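Chain residues, written in single-letter form:
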Amino acid sequence: MSDTIQAIRGMSDVLPADAPLWEFFEDTVRQWLRDYGYRNIRMPIVEKTELFVRSIGEVTDIVEKEMYTFVDQLNGESLTLRPEGTASCVRAVLQHNLLYAGPQRLFYSGPMFRHERPQKGRYRQFHQVGVEALGLPGPDVDAEHMVMCARLWQRLGLDGIRLEINTLGGAESRARYRARLVKYLESRIDELDEDARRRLHGNPLRVLDSKNPAMRDVVEQAPRLYDDLDEESLRHFETLQQILRSVDIDYEIKPRLVRGLDYYNLTVSEWTTDRLGAQATVCAGGRYDGLFAQLGGKPAPACGFAMGVERLLVLMAESSAVEVPADAPAVYVVHAGEETRAPAWRAAEALRQAGIPVVLHCGEGSFKSQMRRADASGARFALIVGESEAQANRVGIKPLRDPGVQETLELSEALARIRGTSN
Ligand code: ATP
Ligand code: MG
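Residues numbered from 1 in each chain as written. Chains lettered and ligands numbered in written order. Predicted model: local features only at pLDDT ≥ 70, side-chain atom pairs only at ≥ 80, totals over all residues. Heavy atoms only, no water.

A. Quick peek at the sheet that holds strand S6 (residues 125-134). The eight strands are arranged S1-S5-S6-S11-S10-S9-S7-S8 in an open sheet whose pairing can be described as mixed. Pairing within the sheet leaves two strands with one partner each, and these edge strands are strand S1 (39-40) and strand S8 (252-253). In this structure, S6 lies alongside strand S11 (residues 302-308), joined through seven bridges in antiparallel fashion. In the strand pairing of S11, Glu132 is matched with Gly304. The sheet contacts of helix H4 (residues 86-95) involve strand S5 (104-113) and S6, and relative to S5 the element is tilted by about 135 degrees. (Pairing = 2+ DSSP bridges. Helix = DSSP H or I, 4+ residues; strand = E, 2+ residues; numbered from the N terminus. Contact = heavy atoms within 4.5 Å. Axes fitted to C-alpha atoms, helices over the stretch in contact; angles between N-to-C directions.)

Here is the structure:
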């Protein structure tokens, strides 16, 4: 076994035993998005490197050290596996001029790639569901996103996920704050770690996003952006909070919450939990009104969020609030002998046409060993087509999960019996 090929570190397989949880999550999310009027958009997994550098910002963890960037051997172009979806989504909306038709409520989902140190809740290939509302200035739509998330946690059976919000203000108030912050950070330069020193002039707000415990005091003592806010930003933030209160969504204002990416303004938010150690954030987002122009398009207001699917699945696996539907077939068809093949196939197809999931035994096997397989499949019924059943144009049906005897019935009666217990 020593020379079998293994998956790349930090990139996981989802095995069949775990798939029902993923599928339950995906089904729930799809219905939830439909309930709020969001439509699906699907972008390529690979984009030009420049897209991410221009949108996410050069002085960020992602662009500085986490991107899977490579040169296309055929034409020398620099390409990158997408580390997040917002940049691609905005690129696609610009490229296809979607805002021409009015505001867009969009979502996407799929794998993202970041070269990080793998640990629980942190992988190199991970999955996000991203939601973007484009062409709407807020703050109503900012609130809509938060309300949506709160409802989704309920549908997924999750509690203890807390909403933290902040505002980064508009460009002017941020510039004022930035100057004040740089002055403060310079006054404590001896306590700054290497990342912080590098960012001090390139991207000082990001210093507040530091995860280094040694930096905690510096971050906590930092001046607050709030004190530099212009009136319009304050009003935006206040209305957002009014809406949240009106629909009973709890939140906490975190004055030093800044998001990891450069493109945010005004509202930023994170949903966090105590149950995932250092990987506490399950969903994060905010407003990014400057991104369209930054990517060369006509300016347009925008806001969105992305959730980390793996982190939510860990929480779901630990919660017992919702029952995840099993993926076992309803029926396993057992058949023995040449003459039974055709009726067994016909019965299996008829059940499937009637919407009943069926596994048909393939290969040889004694009646007894086939029944063992039927049992192991998790099916609720074995449908038995032996020679006597075939001759009588009937089928045997045996409950596998509940007590009950085998009966011989017409196929239509068997179908009714199966349906009767299926809902
Ligand atoms: P973190 O602070 O945990 O590094 P981030 O700020 O880099 O997160 P975002 O870019 O905001 O994360 O991505 C949104 C969400 O995607 C995160 O809140 C998290 O749930 C999830 N996520 C981000 N990076 C990873 C990863 N490497 N593995 C698994 N999930 C991730
Ligand atoms: Mg990160």
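B. Here's a closer look at the pattern of salt bridges. Overall, the coordinates contain 29 salt bridges when judged by the stated rule. Two residues, Arg199 and Asp61, come together in a salt bridge whose shortest N-O distance is 2.7 Å. One end of the pair, Arg199, is in helix H7 (residues 194-202); the other, Asp61, is in helix H3 (residues 61-66), with 138 residues separating them in the sequence. Classification of Arg199 by relative accessible area gives buried; the value is 5%. Residues Asp159 and Arg275 are paired through a salt bridge, measuring 3.1 Å at the closest nitrogen-oxygen approach. In this pair, Asp159 sits in the loop between helix H5 (140-155) and strand S7 (162-167) while Arg275 sits in the loop between strand S9 (265-272) and strand S10 (281-287), placing the two residues 116 residues apart along the sequence. Each of the salt bridges in this network shares a partner with another, and the network as a whole consists of Asp61, Glu64, Lys65, Asp195, Arg198, Arg199, Arg206 and Asp209. (Salt bridge = Lys/Arg side-chain N within 4 Å of Asp/Glu carboxyl O. Buried < 20%, exposed > 50% of the residue type's maximum accessible area, 1.4 Å probe, protein only.)

C. Examining the site of ligand 1 more closely. Around ligand 1, the structure places 16 residues, and the nearest of them are Arg114, Glu116, Lys211, Arg259 and Thr281. One of the side-chain nitrogen or oxygen atoms of Glu116 is found 2.6 Å away from a nitrogen atom of ligand 1. At a separation of 2.8 Å, an oxygen atom of ligand 1 approaches a polar side-chain atom of Lys211. Coverage of ligand 1 by the protein chains reaches 92% of its 580 Å² of free accessible surface. The biggest single contributor to the shell around ligand 1 is S10, with four residues. Split into classes, the residues belonging to the shell around ligand 1 amount to six nonpolar, four polar and six charged. (Near = heavy atom within 4 Å. Polar contact = N/O pair within 3.5 Å; in protein donor to acceptor, adjacent residues only side chain to side chain. Areas by Shrake-Rupley, 256 points an atom, 1.4 Å probe, with all protein chains shown as cover. Nonpolar A, V, L, I, M, F, W, Y, C, P; charged D, E, K, R; others polar.)

D. Focus on unusual backbone geometry. Of note, the bond from Gly138 into Pro139 is cis; its omega dihedral lies within 30 degrees of zero at 5 degrees. Within the fold, Pro139 resides in the loop between S6 and H5. Positive phi is not limited to glycine here, since Asn97 has a value of about 55 degrees. Checked against the element boundaries, Asn97 lands in the loop between H4 and S5. With a phi close to 60 degrees, Asp248 is a non-glycine residue in the positive phi region. As for its position among the elements, Asp248 is in the loop between helix H9 (231-246) and S8. Of the residues examined, Asp248 reaches a relative accessible area of 67% and is grouped as exposed.

E. How the structure looks around the side chain of Asn166. Relative to the assigned elements, Asn166 resides in strand S7. For Asn166, a relative accessible area of 2% corresponds to the buried category. Leave out the neighbours within four places in its chain, and Asn166 touches Phe237, Lys254, Pro255, Arg256, Leu257, Leu266, Thr267 and Val268.

F. Focus on the environment of Lys120. By secondary structure assignment, the location of Lys120 is in the loop between S5 and S6. Sequence separation of Lys120 and Gly277 is 157 residues, and the distance between their C-alpha atoms is 8.8 Å. Each residue touching Lys120, except ones within four places of it in the same chain, is listed here: Gln279, Val314 and Glu318.

G. Up close: the packing of aromatic side chains. Counted by the stated rule, this structure contains three aromatic pairs. Measuring from centroid to centroid gives 6.1 Å for Tyr226 and Phe237, while their planes differ by 65 degrees, and the two rings are edge-to-face. You can see Tyr226 sitting in the loop between helix H8 (216-221) and H9 and its partner Phe237 sitting in helix H9, a full 11 residues away along the chain. Overall, Phe237 belongs to the buried group, its relative accessible area being 0%. (Phe/Tyr/Trp six-rings, centres within 6.5 Å; stacked < 30°, edge-to-face > 60°.)

H. Representation of a negative patch on the surface within the structure. The grouping of Glu23, Glu26, Asp27 and Asp327 at the surface amounts to a negative patch. The topology assignment puts Glu26 in helix H1 (residues 19-35). (Patch = residues over 30% accessible without salt bridge, like charges linked within 9 Å, V, L, I, M, F, W, Y side chains within 5 Å. Lys, Arg positive; Asp, Glu negative; His and termini not counted. Charge placed at Lys NZ, Arg CZ, Asp CG, Glu CD.)

I. Summary view of the sheet that holds strand S2 (residues 46-48). Taking strand neighbours across the sheet as the criterion, the three strands line up as S2-S4-S3 in an open arrangement whose pairing is antiparallel. Since the sheet does not close on itself, it has two edges, and those belong to S2 and strand S3 (68-71), each with one partner. For this sheet, the mean inter-axis angle between neighbouring strands, taken without regard to orientation, is 35 degrees. Bridge analysis of S2 against strand S4 (residues 78-81) gives three bridges, and the strand direction is antiparallel. Looking at the pairing, Val46 lines up with Leu81 of S4.

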